[in-house]
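Letter by letter, the chains look like this.
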Amino acid sequence: MSNPKPRILIVDDEPDLLAVLHFGLEAEGFEVVEASDGERGLEMARSCQPALIVLDLMLPRLDGYKVCRALKFDERYRQIPIFILSARSGETDRRLALDLGADAYMTKPYDMKDLVARIRARLGPA
């Protein structure tokens, strides 16, 4: 019996970015699920128990900071690594996200190879 593929949840409101990330991570051997707003992302994180979350900060309905805080301050979900992938490149944004429990912070535009390398470093090979 083979090991199941690690499940990655992508939460971003840009359809093109979702598609590129989905395709790229699947090609690297991950199972990918996605949400296009913060509320749905939070629901999916709680229901599908992903191995890792790639989370934007600027989201409709519930911003990425609140999603990150809700998960990291809940004993049941705090072990899920959260990688912020945001267009916000300021040090204040980075510091706040990390203070709220994010495990990594990357800015857009991003390098897919770097993102995959960071995910693998955190989860192990897919």
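The preceding data block contains the structure.
Cut-offs applied
- Residues numbered from 1 in each chain as written.
- Predicted model: local features only at pLDDT ≥ 70, side-chain atom pairs only at ≥ 80, totals over all residues.
- Heavy atoms only, no water.
- Core = buried A, V, L, I, M, F, W, Y, C linked by side-chain atoms within 4.5 Å.
- Buried < 20%, exposed > 50% of the residue type's maximum accessible area, 1.4 Å probe, protein only.
- Helix = DSSP H or I, 4+ residues; strand = E, 2+ residues; numbered from the N terminus.
- Contact = heavy atoms within 4.5 Å.
- Axes fitted to C-alpha atoms, helices over the stretch in contact; angles between N-to-C directions.
- Parallel < 35°, antiparallel > 145°, perpendicular 65-115°, else oblique.
- Left-handed = near helix turned anticlockwise from the far one by under 90°.
- Nonpolar A, V, L, I, M, F, W, Y, C, P; charged D, E, K, R; others polar.
- Disulfide = S-S within 2.5 Å.
- Pairing = 2+ DSSP bridges.
- Expected span 1.5 Å × (residues − 1).
- Phe/Tyr/Trp six-rings, centres within 6.5 Å; stacked < 30°, edge-to-face > 60°.
- Lys NZ or Arg CZ within 6 Å of the ring centre and 35° of its normal.

Caption draft 1: Representation of the nonpolar core. Ranked by internal contacts, the top residues of the largest apolar core, which has 24 residues, are Leu9, Val11, Ile53, Leu55, Leu71, Ile82 and Ile84. Mapped by element, the contributors of at least two residues to this core are β1 (7-11), β2 (31-35), α2 (38-48), β3 (52-55), α3 (64-72) and β4 (82-86). Residues within four places of Ile84 in sequence aside, it is in contact with Leu55, Leu57, Ala97, Ala102, Ala104, Tyr105 and Met106. In this structure, Ile8, Leu52, Val54 and Met106 belong to the second largest nonpolar core, which totals 18 residues.

Caption draft 2: Structural detail: the packing of α2 against α3. The N-to-C vectors of α2 and α3 enclose an angle of 25°; their axes lie 9 Å apart at closest approach. Judged by the angle between their axes, α2 and α3 are roughly parallel. Once α2 is placed against α3, the crossing between them reads as right-handed. Contacts from Gly38, Leu42, Ala45 and Arg46 of α2 reach α3 at Val67, Ala70 and Leu71. Class assignment of the residues belonging to the contact of α2 with α3 gives a composition of five nonpolar, one polar and one charged.

Caption draft 3: Fine view of the state of the cysteines. For the structure shown, the criterion picks out zero disulfides. For the unlinked cysteine Cys48, the closest cysteine sulfur is that of Cys68, found at 16 Å. Cys48 sits in the buried class, given a relative accessible area of 16%. Judged by its relative accessible area of 1%, Cys68 is buried.

Caption draft 4: Fine view of the sheet that holds β3. The parallel open sheet is built from five strands, whose spatial order is β2-β1-β3-β4-β5. Both outer strands of the open sheet, β2 and β5 (104-107), are each paired with one neighbouring strand and no more. Strand after strand, the sheet turns through a mean of 20° between neighbouring axes, direction not considered. Two strands pair when backbone bridges link them, and β3 and β4 are joined in this way by three bridges, in the parallel orientation. Within β4, the position partnered with Ile53 by the bridge is Ile82. Each of β1, β2 and β3 touches α2; the most contacted strand, β2, lies at about 145° to it. Sheet strands touched by helix α5 (residues 112-123): β1, β3, β4 and β5. Its angle to β5, the strand with the most contacts, is close to 175°.

Caption draft 5: Looking closely at helix α1 (residues 15-27). With 13 residues, α1 ought to run about 18 Å at 1.5 Å a step, and its terminal C-alpha atoms sit 18 Å apart, in line with that. Along α1, the positions that sit buried rather than exposed are Leu17, Leu18, Leu21, His22, Gly24 and Leu25. Gly29 sits one or two residues past α1 and shows a positive phi near 100°.

Caption draft 6: Examining the packing of aromatic side chains more closely. For the coordinates displayed, the defined rule picks out zero aromatic pairs. In this arrangement the basic side chain of Arg69 is found over the ring face of Phe73, its NZ or CZ atom lying 4.5 Å from the centre.

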